[in-house]
Amino acid sequence: MLSACLALSLHVLPGDWNSVHPCVRLEHGGWSLGAVLNSERRVSVVAGHRWRQGECWAELGLATGYSAAPVVPWNRAGCAIAPNVDLWGAVGATVNRDVGLVLGVEFTIGD
């Protein structure tokens, strides 16, 4: 299934981060491939798998477009709070090895 989405995020990490993330995603059987405007204001290609348990989910994958490396781990976990609206959180890290949280809400069309 092809969907468009918009995520808004809050970074609990030192730095100047993008907090508006338009995205597109193709999903099938829990696997996904998509593109997102990442926290560094660059386009990332993201591929991964999402596991669902009721209204909640966790996803792991790989992403391009970050300054730390050509390909970095991608992680998020969240729960639906309304149709096509999810609250989510992720572990984030900087090139200076600071580790923190990224919290967000995502609105999806076409899911």
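Since the model is a prediction, treat every value here as computed from it, not as a measurement.

Peer 1: Quick question: what am I supposed to make of the pairing of strand 3 (residues 31-37) here?
Peer 2: Alternating positions in strand 3 separate cleanly, Ser32, Gly34 and Val36 being buried on one face and Trp31, Leu33, Ala35 and Leu37 remaining unburied on the opposite face. Where strand 2 (residues 20-28) meets strand 3, six bridges bridge the pair, whose relative direction is antiparallel. Bridging from a neighbouring strand, Leu26 pairs with Leu33 of strand 3. Hairpin remark: strand 2 followed by strand 3, antiparallel, with two residues in the connecting loop; positive phi at Gly29, about 60°. Note that strand 3 and strand 4 (residues 43-53) share seven bridges and pair antiparallel. Among the inter-strand pairings, Gly34 is bridged to a residue of strand 4, identified as Val46.

Peer 1: Explain the environment of Asp98 here, please?
Peer 2: Residue position: Asp98 is located in the loop between strand 7 (85-93) and strand 8 (99-109). Linking Asp98 and Pro14, residues 84 residues apart in sequence, is a C-alpha distance of 7.5 Å. Setting aside residues up to four positions removed in sequence, Asp98 forms contacts with Leu13, Pro14, Gly92 and Ala93.

Peer 1: Hey, could you run me through the environment of Phe107 in this one?
Peer 2: With respect to the helices and strands, the residue Phe107 is situated in strand 8. Taking relative accessible area as the criterion, Phe107 reaches 37% and is therefore assigned partly exposed. Separated by 77 residues in the primary sequence, Phe107 and Gly30 place their C-alpha atoms 18 Å from one another. Beyond its immediate sequence surroundings of up to four residues, Phe107 is in contact with Ala4, Cys5, Leu6, Leu8, Asn84 and Val85.

Each value, and the rule that gives it
Residues numbered from 1 in each chain as written. Predicted model: local features only at pLDDT ≥ 70, side-chain atom pairs only at ≥ 80, totals over all residues. Heavy atoms only, no water. Buried < 20%, exposed > 50% of the residue type's maximum accessible area, 1.4 Å probe, protein only. Helix = DSSP H or I, 4+ residues; strand = E, 2+ residues; numbered from the N terminus. Pairing = 2+ DSSP bridges. Contact = heavy atoms within 4.5 Å.

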